[in-house]
Amino acid sequence: DWINFTDFFNKIIDRFEMTKSGHVSFVRNIPQDELYVDIDTDKITQVLDNIISNALKYSPEGGKVTFTIDVLPSELQIRVKDEGVGIPQESVNKIFDRFYRVDKARTRKLGGTGLGLAIAKEMVFAHGGDIWALSKEGQGTTVYFTLPYDPEQEDEWE
Ligand code: ATP
Ligand code: MG
């Protein structure tokens, strides 16, 4: 479906903002512009649900979660940044593998299967995008993904 990604992303964040516990705050760096993309909304909802619930799951008391959309020449770059426990350098690329979880003991008590990001990767790739993460242990994690975007498309809507 062709949808305005700005509205779509804001609505997903709103849903988390309404149900989250008080321990984290949200910051949005999202342009006002209408950014039309052709995506499977159910699948990209699943991608964002997993990335955002991870960010919340690993955030400390008082942590900040920052949501960003950057408009690049031929893609949207979406970022979700947290101030959580972080991921060791040698593991940061493995978190997109099936069943991979960084710290067995820590993650066992937080629940989950270790499939969320593997599924997210499949779905983003199916859209022609990419997904990756940068992290510093003890400082936080940023998960990035891209979606193909054609700025010319906007003109055709007028
Ligand atoms: P599921 O998503 O299936 O409920 P999960 O959250 O453990 O389980 P993934 O979402 O695939 O699985 O994440 C894989 C692992 O990557 C997590 O277990 C965790 O160790 C690490 N991880 C993911 N996101 C973060 C984050 N924001 N901060 C710290 N570690 C993270
Ligand atoms: Mg997860």
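Just above, that's the structure.
Residues numbered from 1 in each chain as written. Chains lettered and ligands numbered in written order. Predicted model: local features only at pLDDT ≥ 70, side-chain atom pairs only at ≥ 80, totals over all residues. Heavy atoms only, no water.

Undergrad: Can you help me understand the nonpolar core in this one?
TA: Soluble, globular proteins show a tendency: their nonpolar side chains are buried together. The biggest cluster of nonpolar side chains holds 40 residues, and the ones touching the most others in it are Phe5, Phe9, Leu48, Phe67 and Phe145. Elements with a minimum of two residues in this core: helix H1 (5–19), strand E2 (24–29), helix H2 (41–57), strand E4 (63–71), strand E5 (75–81), helix H4 (116–126), strand E6 (131–136) and strand E7 (140–148). Element by element, the count of residues in this core is highest for H2, at 7 residues. For Leu48, the residues in contact, after removing those within four places along its chain, are Phe5, Phe8, Phe9, Ile12, Ile78 and Phe145. (Core = buried A, V, L, I, M, F, W, Y, C linked by side-chain atoms within 4.5 Å. Buried < 20%, exposed > 50% of the residue type's maximum accessible area, 1.4 Å probe, protein only. Helix = DSSP H or I, 4+ residues; strand = E, 2+ residues; numbered from the N terminus. Contact = heavy atoms within 4.5 Å.)

Undergrad: Any chance you could explain the pattern of salt bridges here in plain terms?
TA: Pairs may arise between side chains of opposite charge once their charged atoms sit close together. This structure, assessed with the given rule, holds 6 salt bridges. Between Glu17 and Arg28 there is a salt bridge, with the nearest N and O atoms lying 2.7 Å from each other. Note that Glu17 is positioned in helix H1 and Arg28 in strand E2, a separation of 11 residues in sequence. Relative accessible area serves as the criterion here: at 34%, Glu17 is assigned to the partly exposed category. Judged by its relative accessible area of 29%, Arg28 falls in the partly exposed class. Taking the shortest distance from any N to any O, the salt bridge between Lys43 and Asp40 comes out at 3.8 Å. (Salt bridge = Lys/Arg side-chain N within 4 Å of Asp/Glu carboxyl O.)

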